[in-house]
Amino acid sequence: MTEEILSLITKYPKELRYALAAMQDMQRQFKHVPREGIELLAQHIGCKTAQLYSMATFYKALSLDAKGKHIIKLCDGTACHIRGANQLIDGIERLLGIAPGETSQDGLFSLELVNCLGSCAIAPVMVVDETYYSKVTLEKLPEIIDAYREVTP
Amino acid sequence: MKRTLLVCCGTGCLANGSEQVVQALENAINKMGVMGQIEVKAHIKRTGCNGFCENGPIVQILPDDISYYKVKPHDAQDILSALQENKVVERLLYKNENGERIKSKLENPFYKPQYKIALRNIGEIDPGNIEDYISRGGYEALTKALNMSGSEIIEQVELSGLRGRGGAGFPTGRKWRTAAGYDVFPKYVVCNGDEGDPGAFMDRSILEGDPHSVIEGMAICALAIGATEGFLYIRDEYGLALKNVNAALASALELGFLGKNIMGSGKALNLSVVRGGGAFVCGESTALMASIEGRVGEPRAKYIRSVQRGLWDCPTVLNNVETFANIPVIIRDGGPLYATLGTKTSSGTKVFALVGKVKRTGLVEVQMGATLRHLIFDIGGGIIDDRPFKAVQTGGPSGGCIPSAMLDLPVDFDTLTQYGAMMGSGGMIVMDDRDCMVEVARYYVKFLTEESCGKCTPCREGLRHMLDILTGICEGRGQDGDLELLEQLCQTIAESSLCALGKSAPNPVLTTLKYFRDEYEAHIHNKYCPAGVCSKLTTFVIEKNKCKSCGLCKKNCPVNAIRGEKGQAYEIDQRSCIACGSCRQACRFEAILAQGRAQK
């Protein structure tokens, strides 16, 4: 992993202002910010590991624990909330046995609640990886999720 | 005749399948061309968000001025065949309340009352093609600004009366004037695209659909104050916006609108994108700057304002996306003309995101001072299924819930504030009689509890206490004295928090307490949720005489708690019912009633 991390980090100049972007890249590639990544980045920039650790725990886009292969982002913005996002949270829990912030045991899915994806006109909205699903209902939910099970070997 | 097919490819329409529609149209055009029977010189253009996302994918045909809604790939052939015969596909046109089909976008009741400045190009141009932007007068204002002094530019912005569109409403011209007055370099210009208010998406739409208008606005600002570097801080969740802005920056650089020598003037500006880290508080100016610098996004006290010492302690102008999008028009047409729009203290137009339980949802831009009634009932077409209007929530988590008695208030920076709400960034969430105001207040407090950065104790701890109390009320544990305690906490948090997040955090609770106190009391004293939302206080029953035994409720029940067969009324098994309300939502005959739970 060290090689991969280094190739991510060294794309950026050795300045603190690029730390967030570098950690976001790690998050995208490894589904979390690995400890080694924080250490190597601190060395690269020349700052304290603790400085980066405080950022990694502050920003919601970053996580220290590995996330599932597919990230389900369920919007719980106000518009989605009043159009039934709550029922979808329960629905996913029944389907996959995971609450918001958790990862399914097979490591396939992580559920994240997000505050407004700015797609309120098509609420409630769910995003799996990069794909947006509009006006999601409890009825549509199993079909959407199953499609991701199949593509995973 | 050469036709242009504009296919909306904003996030909303993409989710509804517009990419497939583009494919189908391309295939159909190729097929027709190959067969050589006809000449359809159609040219497909992918545009940004039309704002009418609920009815997407949207296809607009020029110069015929036909707008089709909810287009599916299999409609492609019909659309092109009709075009060839100069006909329209009736079934794809928008149908108004009277059942009439509307051909032109401008006649559509959703678009007709709108007055577009910030959204002027969106849905009309391909955001990936800078020539499109230029052909509609783009970068004319920048050219003009290059021949003006900084002070002259600022004067026009001052004369326009433009106020910050992010919500605070600070006069833009005054901000620029102050920053220009400091002789400290480098200076920075920053665009706040960390749109976080739930229910607001105008910034996403502008960044996706017309990124050059923001870039041009920023470039003009940089000339005015003497900045040579700038940043666009954009939420990481806005993938398409990030992609389009980055592409736009590259093409603007290529054509010399940015870079070391802007259009040969010798002036320089370097703009770059910073991806947000997913923290709501980073929409606050000082927190946002901390985040750009590569630190934890916590606000600081503003004894010294950021126009004096902002990014890396240098003078910094930070404006919202929509504010910057207005600038080119102000410079091109002059500030005084812009000032004739809107009201005396709030000039110009404002974009609102009209969402929730309203018939026509989407982005609307109107002159300031329009009434809530005009927005919700004329443009929005009223409430879905013609249910009773209960409240409209404006201004996101810093705003409040406004009841029906106040629908005739004009919406501008100052009026709603007098009533405890605010216009804010322009989110408008419409609620009907099936939305519980206590639960809405709880929702916002939960949102703010999670998003509080934790720096100030009253905000961090006070909100948590409020959440406990509100959750208790929603779950039937409310007791005497709860409301008074809530009010006390609200006052403390508002008075003793550092930034606007904490200061305005009590607004959703205070306004609902003020205008919907009876709902709180029903929850506390009668253990009853009048809206039938709080599941611990609600049971659903099917009224036998109204049930048509259609089976929709049974189909929609997630826990199979509904039994019944054709010809006789359905019944809900209360032991397995989770009171989610899916059945009531599905029922077309108002046969499902929400009742209180029998106590003890």
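Bear in mind the structure is a predicted one, so any value in this text is a computation, not a measurement.

For this particular structure, what's the right way to read the sheet that holds strand β9 (residues 270–275) of chain B?
Sheet strands pair via backbone hydrogen bonds, and the direction of the pair is either parallel or antiparallel. All names here are of chain B. Sheet architecture is open: four strands sit in the order β9-β8-β7-β10, paired in parallel fashion. A strand with exactly one partner marks an edge of an open sheet, and here the two such strands are β9 and β10 (316–320). Strand after strand, the sheet turns through a mean of 20° between neighbouring axes, direction not considered. When strand β8 (residues 229–234) meets β9, the two strands line up parallel, connected through six bridges. In the strand pairing of β9, F231 is matched with S272.

Please explain the interface of chain A and chain B as it appears in this structure.
Accessible area lost during the coming together of the parts is what is often quoted as the interface size. Chain A puts 37 residues into the contact, and the matching count from chain B is 63 residues. Among the ionic pairs, E54 of chain B bridges to R83 of chain A, the shortest N-O distance being 3.5 Å. The interface formed by chain A and chain B contains 25 residue pairs in polar contact (both at pLDDT 80 or more). If you tally residues by element for the side of chain A that touches chain B, the top one is helix α2 (residues 19–30) of chain A, at five residues. Residue composition of the side of chain A that touches chain B, by class: 17 nonpolar, 11 polar and nine charged.

Looking at this model, I keep getting lost on the domain arrangement of chain B. Mind explaining?
Residue and element names in this part refer to chain B. Domains assigned within chain B are domain 1 (3–107), domain 2 (130–339), domain 3 (349–432), domain 4 (437–525) and domain 5 (535–599). In this structure, domain 1 and domain 2 have C-alpha centres spaced 34 Å apart. Taken together, the eight residues of domain 1 in the interface contact seven residues of domain 2. Buried surface at the junction of domain 1 and domain 2, both sides included, amounts to about 510 Å², of which 51% is carbon and sulfur. Of all residues in domain 1, T11, K45 and C49 bury the most surface against domain 2, accounting for 61% of the area lost on that side. Linking domain 1 with domain 2 are zero salt bridges. Counting every contact that joins domain 1 to domain 2 gives two residue pairs in polar contact (both at pLDDT 80 or more).

What is the right way to read the nonpolar core from this model?
What tends to happen in soluble globular proteins is that the nonpolar side chains get buried as a cluster. Counting 93 residues, the largest nonpolar core has I153, W176, V214, L232 and I331 of chain B as its most contacted members. With 10 residues, the single largest contributor to this core is helix α9 (residues 211–225) of chain B. Non-local contacts of V214 of chain B, meaning those with residues more than four positions away in its chain, are made with C191, I206, L207, L232, V321, F324 and A325 of chain B. Grouped together as the second largest cluster of nonpolar side chains are 69 residues, M26, L40 and Y59 of chain A together with I493 of chain B included.

Explain helix α1 (residues 2–9) of chain A here, please?
Each α-helix winds once per 3.6 residues, and so residues spaced three or four apart point in a common direction. Residues and elements named next belong to chain A. Where α1 is concerned, the buried positions are I5, L8 and I9. For α1, the arc enclosing every buried residue in end-on projection is 95°, short of the 170-degree limit, so these residues lie on one face. For α1, the secondary structure elements touched by its buried residues are α2 and α3 (35–45).

Would you mind going over unusual backbone geometry with me for this structure?
Backbone phi values are negative for most residues with the exception of glycine, while trans is the configuration of most peptide bonds. Residue and element names in this part refer to chain B. At the junction of G56 and P57, the peptide bond is cis and its omega measures out at -10° in the coordinates. Positionally, P57 belongs in the loop between β2 (41–47) and β3 (59–62). A positive phi angle, near 45°, is found at W312, a position not held by glycine. Mapped onto the elements of the fold, W312 is located in the loop between α11 (285–293) and β10.

I keep staring at the confidence of the model for chain B and nothing clicks. Help me out?
The predicted model of chain B averages 91 in pLDDT, with 98% of residues at 70 or higher. Model confidence for the complex: the whole-complex pTM is 0.91, and ipTM, which rates the interface, is 0.89.

Any chance you could explain the pattern of salt bridges here in plain terms?
Pairs can form between side chains of opposite charge whenever their charged atoms are close. Enumeration over the complete set of coordinates arrives at 48 salt bridges over all chains. One salt bridge in this structure joins D236 of chain B and R28 of chain A, with 3.1 Å as the shortest N-O distance. With D236 of chain B in the loop between β8 and α10 (239–254) and R28 of chain A in helix α2, this pair bridges two chains. Residue classification places D236 of chain B among the buried positions, given a relative accessible area of 14%. Close ionic contact of K357 of chain B with D435 of chain B constitutes a salt bridge, the shortest N to O distance being 3.2 Å. With K357 of chain B in the loop between β11 (349–356) and β12 (362–367) and D435 of chain B in the loop between β15 (427–432) and α16 (437–451), this pair connects stretches of sequence that are 78 residues apart. Taking the relative accessible area as the measure of exposure, K357 of chain B reaches 8% and is therefore buried. Exposure remark for D435 of chain B: the relative accessible area of 5% places this residue in the buried category. Connected through salt bridges with shared partners, the residues R387, D433, R434 and E590 of chain B form a single ionic network.

Mind showing me how you'd approach the sheet that holds strand β3 (residues 126–128) of chain A here?
All names here are of chain A. Read from one edge to the other, the open sheet built from four strands follows the order β2-β1-β3-β4, with strand pairing classed as mixed. Edge positions in the open sheet fall to β2 (109–114) and β4 (131–133), since each of these has one partner strand only. Averaged over all neighbouring strand pairs, the angle between strand axes comes to 20°, with direction disregarded. Relative to β4, β3 runs antiparallel, the two sharing three bridges. Considered in β4, the bridge of M126 is made with Y133.

Cut-offs applied
- Residues numbered from 1 in each chain as written.
- Chains lettered and ligands numbered in written order.
- Predicted model: local features only at pLDDT ≥ 70, side-chain atom pairs only at ≥ 80, totals over all residues.
- Heavy atoms only, no water.
- Pairing = 2+ DSSP bridges.
- Helix = DSSP H or I, 4+ residues; strand = E, 2+ residues; numbered from the N terminus.
- Axes fitted to C-alpha atoms, helices over the stretch in contact; angles between N-to-C directions.
- Contact = heavy atoms within 4.5 Å.
- Salt bridge = Lys/Arg side-chain N within 4 Å of Asp/Glu carboxyl O.
- Polar contact = N/O pair within 3.5 Å; in protein donor to acceptor, adjacent residues only side chain to side chain.
- Nonpolar A, V, L, I, M, F, W, Y, C, P; charged D, E, K, R; others polar.
- Domains from an automatic or database assignment.
- Buried area = accessible area lost by both parts, 1.4 Å probe.
- Core = buried A, V, L, I, M, F, W, Y, C linked by side-chain atoms within 4.5 Å.
- Buried < 20%, exposed > 50% of the residue type's maximum accessible area, 1.4 Å probe, protein only.
- Arc of directions from axis to C-beta.
- pLDDT = per-residue confidence, 0-100.

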